[in-house]
Amino acid sequence: DPSGPEQEIFEVIDRHDLNITAILLTNAFFFKCQGITTIWEYCEKPPIWLGKQDKGLWGRMEDQPNLLKFNKENSAYHETCANIPRITHWMEHGDELPSLGGFAIHLPGLSKGFFGFHFPDHKLFVIGDAIDKGQLGRCDYYCSNLDDLRQSVVKRVLPLPEDTVLLCAQTVSSVSIERKFN
């Protein structure tokens, strides 16, 4: 998810001489669009991937601040969301990630089209908000479903090798830790 301080992202890209081949979005919430246009243009307009089950959510981008009850301080999002690039690939479970050696894993719960990105050769799973070390992740939005999130974690995360590292939105965990505490 390319939201956040664009300059820091540009510095990492330049420092490591990275060639960005795709922008992968875990979900279609409007706060994911903050900075996406600038980053997309800086990276020479790579394809943008999003779960196909979030098509409707992406289409309601400008309505989301109201639906999610964000206050007026977040009105900058309304302006940012008006000019976002189009999604070029609607992900499905198991899609191979371009030139990365990983797979898109559908993890419904936070949203219907929430995805994580599994890199089995590196024992790494970029899981975002689905897990927050030792507990299930966020599930407090109008379109979230706690039962779906729980099933996603039980069926698609916990069966992975126990030494798989989980990159959560705010923390780092492992399958071993989540088997004990989640």
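Everything numeric in this text was worked out from a predicted model, so none of it was measured.

**A short note on the overall build of the chain**
1) Next: On a plain count of helices and strands, the chain comes out with seven helices and 10 strands.
2) Next: Counting across all 182 residues of the chain, residues that qualify as buried make up 43%.
3) Next: In the chain, once contacts between residues fewer than 6 apart in sequence are set aside, the share between residues at least 24 apart is 61%.
4) Next: When the accessible area of the chain is evaluated, it comes to approximately 9800 Å², of which 49% is carbon and sulfur surface.

**A closer look at the confidence of the model for the chain**
1) Next: Here the chain averages 86 in pLDDT, and 87% of its residues register 70 or above.
2) Next: Here helix α5 (residues 76-81) stands out as the element of the chain with the lowest mean pLDDT, 53, in contrast to strand β4 (residues 103-106), whose mean of 97 is the highest.

**Notes on the pairing of strand β9 (residues 165-168)**
1) Next: Judged by which residues are buried, β9 turns out to be one-sided: Leu166 and Cys168 face inward and are buried, whereas Val165 and Leu167, on the alternate face, are not.
2) Next: Here strand β6 (residues 124-128) pairs with β9 via four bridges, running parallel. Bridged to Phe125 within β9 is Leu166.
3) Next: Pairing geometry for β9 and strand β10 (residues 172-174), over three bridges, is antiparallel. Of the residues in β10, the one forming a bridge with Leu166 is Ser173.
4) Next: Between β9 and β10, which pair antiparallel and follow one another directly, the connecting turn spans three residues.

**Overview of a negative patch on the surface**
1) Next: Together, Glu8, Glu11, Asp14 and Asp17 give the surface a local cluster of negative charge.
2) Next: Inspection of the secondary structure puts Asp14 in helix α1 (residues 6-15).
3) Next: Asp14 sits in the partly exposed class, given a relative accessible area of 49%.

**Some words on the side chain of Asp54**
1) Next: Inspection of the secondary structure puts Asp54 in the loop between β2 (48-51) and α3 (55-59).
2) Next: Within polar-contact distance, the side chain of Asp54 engages the backbone nitrogen of Ala28 at 3.1 Å.
3) Next: Once you skip the residues sitting within four places of it in the chain, Asp54 turns out to touch Asn27, Ala28, Trp90, Ser111, Lys112, Gly113 and Phe114.

**Looking at the sheet that holds β6**
1) Next: Strand order in the open sheet formed by five strands is β4-β5-β6-β9-β10, and the pairing between neighbours is mixed. In the strand order of this sheet, the two ends are held by β4 and β10, each with one partner. Taking the axes of each pair of neighbouring strands and ignoring which way they run, one obtains an average angle of 30° across the sheet.

**Some thoughts on unusual backbone geometry**
1) Next: Here Asp17, not a glycine, exhibits a phi torsion of approximately 50°, which is positive.
2) Next: Mapped onto the elements, Asp17 comes out in the loop between α1 and β1 (23-24).
3) Next: For Lys45, which is not a glycine, the phi torsion comes out positive at approximately 60°.
4) Next: For Lys45, the location among the structural elements is in the loop between α2 (36-42) and β2.

Thresholds applied
- Residues numbered from 1 in each chain as written.
- Predicted model: local features only at pLDDT ≥ 70, side-chain atom pairs only at ≥ 80, totals over all residues.
- Heavy atoms only, no water.
- Helix = DSSP H or I, 4+ residues; strand = E, 2+ residues; numbered from the N terminus.
- Buried < 20%, exposed > 50% of the residue type's maximum accessible area, 1.4 Å probe, protein only.
- Contact = heavy atoms within 4.5 Å.
- Areas by Shrake-Rupley, 256 points an atom, 1.4 Å probe, with all protein chains shown as cover.
- pLDDT = per-residue confidence, 0-100.
- Pairing = 2+ DSSP bridges.
- Patch = residues over 30% accessible without salt bridge, like charges linked within 9 Å, V, L, I, M, F, W, Y side chains within 5 Å.
- Salt bridge = Lys/Arg side-chain N within 4 Å of Asp/Glu carboxyl O.
- Lys, Arg positive; Asp, Glu negative; His and termini not counted.
- Charge placed at Lys NZ, Arg CZ, Asp CG, Glu CD.
- Polar contact = N/O pair within 3.5 Å; in protein donor to acceptor, adjacent residues only side chain to side chain.
- Axes fitted to C-alpha atoms, helices over the stretch in contact; angles between N-to-C directions.

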